[in-house]
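Here are the chains, one letter per residue:
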Amino acid sequence: MSLNFVDEARPNTFEFETSALIKASGFREYDARWWFGQVAPELNLIGVQALGMGLGTLIRRVGAGPDIVTGHDFRSYSLGIKLALVSGLMAAGARVRDIGLALSPMAYFAQFALDVPSVAMVTASHNENGWTGVKMGAARPLTFGPEEMSALKQIVMAGDFDLVGGGSYDFVPNFRETYLDDLTRGKRISKKLKVVAACGNGTAGAFAPEALERIGCEVIPLDVELDHTFPRYNPNPEDMQMLHAIRDKVLETGADVGLGFDGDGDRCGVVDNEGNEIFADKVGVMLARDISSQHPGSTFVVDVKSTGLFNTDSVLRANSAVTDYWKTGHSYIKRRVAELGAVAGFEKSGHFFFNPPVGRGYDDGLVTAIAICQMLDRSPGSSMADLYRALPLTFGTPTMSSHCADDVKYGVVERVVADFQAMKRDGTVFAGQKIADLITVNGARVVAEDGTWGLVRASSNKPELVVVVESPVSSQRRGEMFEAVDTVLRRSPEVGAYNQTF
């Protein structure tokens, strides 16, 4: 089959209905994201069909075979996109097992439960309405990395399809129950916890409250009604607007903890019983303390946006825990956890990855929520706020994103890295001190002599640069580091304003 590819096409035109629109920039480092809105769309349904043909071709070429799981998140257009993807997959000979409306981790779980090697989950995660995308994998529990995404992009954009036919479609009924049963089996807690379950009107609303009730929690629902207009805010537990809403509900109801889930349910955000919004990297330190006390010598993987406490915390040191800082991104951390045989991996964005016996190596916001409840259950004399207070005090920022076009953002980061490397080499004073360490595994994480650090990296799934700052010393040092990092960043006129600050 030959498709007519176009670089641009406006909706409500002949060209849009007869040609494949699929922007090359949508093939990102470890998944695919396109703007699907009415104004300047980057993708149409024929383009989605081409993506399915390419994915069906790729999974055969890499030796994974024709079998693949599909699912879709709760957006007004996600079902239509999934069905277009399925038609392309079947044209390339794929045998599709469709689990219907799902969370991303539910699709990953289906790879194990249905014994299917590959997955294609249609989701825009926490992105604003108008965005769509696909999370893909062909070697459970891993998802695609840059190598596979590059190969897929090449196949699709060149129209290099193996359209062997023989595809099939099978809808799997009642898979939601299978997933919830597996999630909660043997996980009942003894401590009666009052838990706010916040879902931002996203897909997790159909899963999280019941999962938490099944393990014995008293659930206070917050925005759990499915509504793809997202009337209050995007379901994004890294967004301060959602965290503030959880805080308010926790304080209003006297809940023990507030748990927030993103649009496709693979991330979890936390607010303690006193209304403190705990950034996910600090939650990771708490979980690492809990896990390493049960399993001394545990290895953990964390992303470069995460707190320095993983290296300095006295409890983790006493438990002989080892931490590896790695590239930000669910696919990168997932792979690194597998490579190192780590017990768990944590991302500041709220992705948590647990290997057996807690999980199967992929990121699942509900597995994380249950692990947090179990941690509280094992700490009968301590509240969530007590566990938070037990951590050494640091002064961090939320994840701050500034607009920067996809075609220039990596170049900007390269210049920033080069600037920092020159300053470190020359012994230049930066933010009041010399640069003690510079981590460039993913952008640049510049560390001052007192442990205060700042990070600049390119977002993997949006046209943005990401900035995070933390100081173990004071809020003043945090501010000085931010100003210094921002000054370097502003040398590039392509960098826009931040979406949020501190």
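Structure first, text after, so check above.
S.K.: Would you take a moment to explain helix H2 (residues 45-61) for this structure?
M.R.: In this model H2 runs 24 Å from its N-terminal to its C-terminal C-alpha over 17 residues, within 8% of the 24 Å that 1.5 Å per residue would give. Of all 17 residues that make up H2, 13 are buried, and the element is covered over most of its length. Note on H2: the residue one or two positions beyond its end, Gly-63, has a positive phi of about 90°.

S.K.: What is the right way to read the environment of Val-468 from this model?
M.R.: Structurally, the position occupied by Val-468 is in strand E24 (residues 464-471). Look at Val-468 and you get buried, because its relative accessible area is 1%. Along the chain, Val-468 and Thr-501 lie 33 residues apart, while their C-alpha atoms are 9.8 Å from each other. When neighbours within four sequence positions are excluded, Val-468 is seen to be in contact with Lys-305, Lys-348, Thr-397, Thr-399, Trp-453, Gly-454 and Leu-455.

S.K.: For this particular structure, what's the right way to read the packing of helix H15 (residues 406-426) against helix H16 (residues 475-489)?
M.R.: How two helices pack is summed up by the angle between their axes together with the distance between the axes. It is at 10 Å that the axes of H15 and H16 come closest, and there the two elements cross at 120°. The angle between H15 and H16 falls in the class oblique. Every pair of crossing elements has a handedness; the one defined by H15 and H16 is right-handed. In contact with Val-412, Val-416, Asp-419, Phe-420 and Met-423 of H15, H16 contributes Val-485, Val-488 and Leu-489. Considering only residue class, the contact of H15 with H16 consists of seven nonpolar, no polar and one charged.

S.K.: What's the story with the state of the cysteines in this structure? I'm lost.
M.R.: Simply put, the disulfide is a covalent bond whose two ends are the sulfur atoms of two cysteines. Enumeration according to the criterion identifies zero disulfides in this entry. For Cys-199, which is in no disulfide, the shortest distance to another cysteine sulfur is to Cys-268 and amounts to 9.9 Å. Not engaged in a disulfide, the cysteine Cys-268 finds its nearest cysteine sulfur in Cys-373; these two sulfurs lie 8.6 Å apart.

S.K.: Sorry if this is basic, but what is going on with the sheet that holds strand E6 (residues 118-122) here?
M.R.: Two modes of strand pairing occur in sheets, parallel and antiparallel, and in both the strands are linked by backbone hydrogen bonds. The strand order E3-E7-E6-E4-E5-E8 describes an open sheet built from six strands, whose pairing is mixed. Both outer strands of the open sheet, strand E3 (32-35) and strand E8 (168-171), are each paired with one neighbouring strand and no more. Shown here is a sheet whose adjacent strand axes are inclined to one another by a mean of 20°, direction ignored. Where E6 lies against strand E7 (residues 131-137), four bridges are found, and the strand directions are antiparallel. Within the sheet, the bridge partner assigned to Val-122 lies in E7 and is Val-134.

S.K.: I keep staring at the layout of surface pockets and nothing clicks. Help me out?
M.R.: Over the atoms rolls a probe the size of a water molecule, and in doing so it shows where empty space is left. Here the largest pocket is characterised by a volume of approximately 550 Å³. Forming the boundary of the largest pocket are 30 residues, of which His-126, Asn-236, Glu-238, Lys-462 and Glu-464 lie nearest the centre. Here the residues of the lining of the largest pocket are counted per class, giving two nonpolar, 17 polar and eleven charged.

S.K.: Help me understand the packing of aromatic side chains in this model?
M.R.: Two numbers describe a pair of aromatic rings. These are the distance of the centres and the angle of the planes. For the coordinates displayed, the defined rule picks out 16 aromatic pairs. Relative to Tyr-179, the ring of Phe-109 has its centre 6.0 Å away and its plane inclined at 45°; by these criteria the two rings are tilted. Here Phe-109 is found in helix H4 (residues 104-113), whereas its partner Tyr-179 is found in helix H6 (residues 175-184), with 70 residues between them in sequence. Both residues of the pair, Phe-109 and Tyr-179, count as buried. When the centroid spacing of 5.2 Å and the interplanar angle of 85° are considered together, the rings of Phe-420 and Phe-430 count as edge-to-face. Separated by ten residues along the polypeptide, Phe-420 in helix H15 and Phe-430 in strand E20 (residues 429-430) bring together distant segments of the chain. For Phe-420, a relative accessible area of 0% translates into the label buried. In this structure Phe-430 comes out as buried when scored by relative accessible area, which is 6%. Counting every residue linked through ring pairs, the aromatic cluster contains Phe-300, Phe-310, Phe-346, Phe-352 and Phe-354.

About the criteria used
Residues numbered from 1 in each chain as written. Predicted model: local features only at pLDDT ≥ 70, side-chain atom pairs only at ≥ 80, totals over all residues. Heavy atoms only, no water. Helix = DSSP H or I, 4+ residues; strand = E, 2+ residues; numbered from the N terminus. Expected span 1.5 Å × (residues − 1). Buried < 20%, exposed > 50% of the residue type's maximum accessible area, 1.4 Å probe, protein only. Contact = heavy atoms within 4.5 Å. Axes fitted to C-alpha atoms, helices over the stretch in contact; angles between N-to-C directions. Parallel < 35°, antiparallel > 145°, perpendicular 65-115°, else oblique. Left-handed = near helix turned anticlockwise from the far one by under 90°. Nonpolar A, V, L, I, M, F, W, Y, C, P; charged D, E, K, R; others polar. Disulfide = S-S within 2.5 Å. Pairing = 2+ DSSP bridges. 1 Å grid on protein atoms, 1.4 Å probe; cavity = no way out; pocket = protein on both sides within 12 Å on 5 of 7 lines; lining within 4 Å. Points joined across faces, edges and corners; volume = space filled by probe spheres on them. Phe/Tyr/Trp six-rings, centres within 6.5 Å; stacked < 30°, edge-to-face > 60°.

Worth remembering: the numbers are spatial, not functional.
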